[in-house]
Protein chains: 2
Amino acid sequence: MENTKHVSKAVISRLPRYYRMLRRLAEEKVKRISSKDLAAQMGLTASQIRQDLSCFGGFGQQGYGYNVDKLIVELECIFGVASSQRAVLLGAGNLGRALLRNFDFSFCGVRPIAAFDTEEDLVGRTFRGIPVCALYELELICGREHPDIAVLCVPGDQVQALAARLVRCGVRGIWNFSSVSLREDDLGVPVENVHFSDSLMRLCYHMKEAGAPQE
Amino acid sequence: MENTKHVSKAVISRLPRYYRMLRRLAEEKVKRISSKDLAAQMGLTASQIRQDLSCFGGFGQQGYGYNVDKLIVELECIFGVASSQRAVLLGAGNLGRALLRNFDFSFCGVRPIAAFDTEEDLVGRTFRGIPVCALYELELICGREHPDIAVLCVPGDQVQALAARLVRCGVRGIWNFSSVSLREDDLGVPVENVHFSDSLMRLCYHMKEAGAPQE
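The structure displayed is predicted, hence computed values, not measured ones.

A. Region of interest: the overall build of chain A. Secondary structure summary: chain A contains 9 helices and 9 strands in total. Counting only C-alpha atoms and orienting by the principal axes, one finds that chain A spans roughly 60 × 55 × 35 Å. Relative to all contacts within chain A whose residues are 6 or more apart in sequence, the contacts with residues 24 or more apart total 57%. Entry remark: accessible area of chain A is about 10400 Å², with carbon and sulfur atoms responsible for 47%. With 26 positive and 25 negative side-chain charges, chain A shows a separation of 7 Å between the mean positions of the two kinds.

B. Highlighting the environment of methionine 21 of chain B. Residues and elements named next belong to chain B. Position of methionine 21 relative to the elements: it lies in helix 1 (residues 9-27). Along the chain, methionine 21 and valine 7 lie 14 residues apart, while their C-alpha atoms are 20 Å from each other. Not counting residues within four places of it along the chain, the set of residues in contact with methionine 21 comprises Leu38, Gln41 and Met42.

C. Region of interest: the packing of aromatic side chains. Inspection of every chain in the model, using the stated rule, returns 19 aromatic pairs over all chains. Pairing phenylalanine 79 of chain A with tyrosine 205 of chain B gives two aromatic rings, centres 5.5 Å apart and planes at 55°, and the pair type is tilted. On the criterion of chain membership, the pair formed by phenylalanine 79 of chain A in helix 4 (residues 68-79) and tyrosine 205 of chain B in helix 9 (residues 196-209) is interchain, its members lying in two chains. Between phenylalanine 177 of chain B and phenylalanine 196 of chain B, the aromatic rings sit 6.4 Å apart at their centres with planes inclined by 65°, giving edge-to-face as the arrangement. Placement of the pair is phenylalanine 177 of chain B in the loop between strand 8 (173-176) and helix 8 (184-187) and phenylalanine 196 of chain B in helix 9, with a sequence separation of 19 residues. Taken together through their ring pairs, the aromatic side chains of Phe103, Phe105, Trp175, Phe177 and Phe196 of chain A together with Phe103, Phe105, Trp175, Phe177 and Phe196 of chain B make up a single cluster.

D. Summary view of the packing of helix 2 (residues 35-42) of chain A against helix 3 (residues 46-54) of chain A. Residues and elements named next belong to chain A. Axis separation between helix 2 and helix 3 bottoms out at 8 Å; the angle between their running directions is 110°. Judged by the inter-axis angle, helix 2 sits roughly perpendicular to helix 3. Contact with helix 2, carried on its side by Ser35, Lys36, Leu38 and Ala39, involves Ala46, Ile49, Arg50 and Leu53 of helix 3 and no other residues of that element. Residue composition of the contact of helix 2 with helix 3, by class: 5 nonpolar, 1 polar and 2 charged.

E. Focus on the pattern of salt bridges. Residue and element names in this part refer to chain A. Under the defined criterion, the tally for this structure stands at 22 salt bridges over all chains. When the shortest N-O distance is used, the salt bridge between aspartate 69 and lysine 31 registers 3.6 Å. Of this pair, aspartate 69 sits in helix 4 while lysine 31 sits in the loop between helix 1 (9-27) and strand 1 (32-33); the two residues are 38 residues apart in sequence, bridging distant segments of the chain.

F. Region of the structure containing the sheet that holds strand 7 (residues 149-152) of chain B. Reading across the sheet, the 7 strands line up as 5-6-4-3-7-8-9 (chain B) and stay open at both edges, with mixed pairing between neighbours. In this open sheet, the two strands that pair with only one neighbour each are strand 5 (126-127) and strand 9 (191-193) of chain B. In terms of strand pairing, strand 3 (residues 85-90) of chain B meets strand 7 of chain B through 4 bridges, oriented parallel. In the sheet register, valine 88 of chain B faces strand 7 of chain B, and the bridge partner there is alanine 150 of chain B. Contacting strand 3, strand 4 (110-117), strand 7, strand 8 and strand 9 of chain B, helix 9 (residues 196-209) of chain A crosses the sheet at an angle of about 160° to strand 8 of chain B. Sheet strands touched by helix 7 (residues 156-168) of chain B: strand 3, strand 7 and strand 8 of chain B. Its angle to strand 7 of chain B, the strand with the most contacts, is close to 165°.

G. Representation of the interface of chain B and chain A in the model. Of the residues lining the interface, 59 residues belong to chain B; the matching set on chain A comes to 59 residues. When chain B packs against chain A, close to 5400 Å² is buried across both sides, 66% of that on carbon and sulfur atoms. When the buried area of chain B at its contact with chain A is split by residue, Asn94, Met201 and Met207 of chain B rank highest and sum to 13% of it. There are 4 salt bridges connecting chain B and chain A. A per-element tally of the side of chain B that touches chain A places helix 9 of chain B first, with 14 residues.

H. Fine view of the relation of the copies chain B and chain A. Expressed as a screw transformation, the operator carrying chain B onto chain A has a rotation angle of 180° and an axial translation of 0.0 Å, and the superposed copies differ by an RMSD of 0.0 Å. In the structure described here, the two chain copies are related by an operation that fits a two-fold rotation axis. By C-alpha distance to the rotation axis, the residue of chain B lying nearest is asparagine 94 of chain B, at 2.4 Å. Most of the interface of chain B is mirrored in chain A: 100% of its interface residues are interface residues there too.

I. Representation of the environment of glutamine 48 of chain B within the structure. All names here are of chain B. Residue position: glutamine 48 is located in helix 3 (residues 46-54). Linking glutamine 48 and serine 35, residues 13 residues apart in sequence, is a C-alpha distance of 9.0 Å. If we ignore the near neighbours within four places in the chain, the residues touching glutamine 48 are Arg14 and Tyr18.

J. Spotlight on the state of the cysteines. Residues and elements named next belong to chain B. Scanning the model with the defined rule gives 0 disulfides over all chains in all. Free cysteine: cysteine 142, not disulfide-bonded; nearest cysteine sulfur from cysteine 169 at 4.3 Å. Residue class for cysteine 142 comes out buried when judged on its relative accessible area of 1%.

K. Broad picture of the confidence of the model for chain A. Considering every residue of chain A, the mean pLDDT works out to 89; 92% of them sit at 70 or more. Predicted complex, confidence summary: ipTM 0.89, pTM 0.88.

L. Representation of the pairing of strand 4 of chain B within the structure. Residues and elements named next belong to chain B. Across the 8 residues of strand 4, 7 count as buried, placing the element largely inside the fold. As paired strands, strand 3 and strand 4 are joined by 6 bridges and run parallel to one another. Bridged to leucine 89 within strand 4 is alanine 115. Taking the sense of rotation as the criterion, the β-α-β connection linking strand 3, helix 5 (residues 94-102) and strand 4 turns out right-handed. Looking at chain direction, strand 4 and strand 6 (residues 130-134) are connected through 3 bridges and run parallel. Looking across to strand 6, one finds that aspartate 117 is bridged to alanine 134.

About the criteria used
- Residues numbered from 1 in each chain as written.
- Chains lettered and ligands numbered in written order.
- Predicted model: local features only at pLDDT ≥ 70, side-chain atom pairs only at ≥ 80, totals over all residues.
- Heavy atoms only, no water.
- Helix = DSSP H or I, 4+ residues; strand = E, 2+ residues; numbered from the N terminus.
- Contact = heavy atoms within 4.5 Å.
- Areas by Shrake-Rupley, 256 points an atom, 1.4 Å probe, with all protein chains shown as cover.
- Lys, Arg positive; Asp, Glu negative; His and termini not counted.
- Charge placed at Lys NZ, Arg CZ, Asp CG, Glu CD.
- Phe/Tyr/Trp six-rings, centres within 6.5 Å; stacked < 30°, edge-to-face > 60°.
- Axes fitted to C-alpha atoms, helices over the stretch in contact; angles between N-to-C directions.
- Parallel < 35°, antiparallel > 145°, perpendicular 65-115°, else oblique.
- Nonpolar A, V, L, I, M, F, W, Y, C, P; charged D, E, K, R; others polar.
- Salt bridge = Lys/Arg side-chain N within 4 Å of Asp/Glu carboxyl O.
- Pairing = 2+ DSSP bridges.
- Buried area = accessible area lost by both parts, 1.4 Å probe.
- Least-squares fit on C-alpha atoms with pLDDT ≥ 70 in both.
- Disulfide = S-S within 2.5 Å.
- Buried < 20%, exposed > 50% of the residue type's maximum accessible area, 1.4 Å probe, protein only.
- pLDDT = per-residue confidence, 0-100.
- Right-handed = clockwise from strand over helix to strand, strands pointing away.

Structure (structure tokens):
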């Protein structure tokens, strides 16, 4: 599946949205969809969709549309989400528990195997079958379980040191929900920083553009 | 401040990242920064930064760099984040409480005024001074307090009906954390859907690109 060359960052960042939409269509038993119908569903133009998806060697067929199941598999290959990565979650506070309880990790081919916290009241509990372990056991458990991904739900002041410790434990990617950004260059492994404020700022912008009644 | 014309969606979606970086620089008492130094800090190229910020009429001065405080104010005007919007939060479960307790709404000029839940054990409690009210009081309280933004932290199956109800209550923007996407076209007000899975998929992609040891 060597068709991911020369794909811009912008396209890559849009593809997860296509994947979500296609998974929903597949659930609704839709087998094929034209770029025009996909555009209507996603609030994009048909030509943008054709352009975005053409990067991967033209999955669509003229006059036939996209094969939904096939496109899902292609996107899963591109993103490496079909390969069942194992995750540990650091910090079982409200946000960590919200993810453990409600987030569908399997949608992205990821399986949480353990959470870690320093809070005695939390250690030993399980959330959707995932045990909360004591943080001092991190090296031991990582040495045995070889997690691929670490999900960081700890306060900002702890995140840098903890991320470095996790990389030493062999983790190959960091999903960071803390308020402090981590950098791939510092850690040597890919990082995704989740910044809620970026999304709230975009909302404020669109509200302003929509014309706020400001007296 | 009529300098926001012809700004592409892509630029708008990148600007919150600049805003975060500039706020951090201001905290560190940095007064001026060149596009080159800003690029190094953000892992971008200087020319991309000049291009992104030039959309707003060239805040930078050649050989001088950007005035950090001034650029912050300009971005706040562009995003309308300086105008102190009021927010209500729906659903005080783990995710809702995580936001109430830890998310810095004021960073975006937003002030949460009340949370709502149907859970008897939660109604009457406060988190960082924000009271949790009973959901049946929504119309009453919105009629009195006129919130601008609703933050949705409820299960996916409830979100569509609740969003419509909030728009009827006068809310002008929806920040949606549920698993079900909402559409501006359906609701008539701007929506930001937060999809954790998009971010996790991007992480998986970058891990794959970084070369996973897959046996």
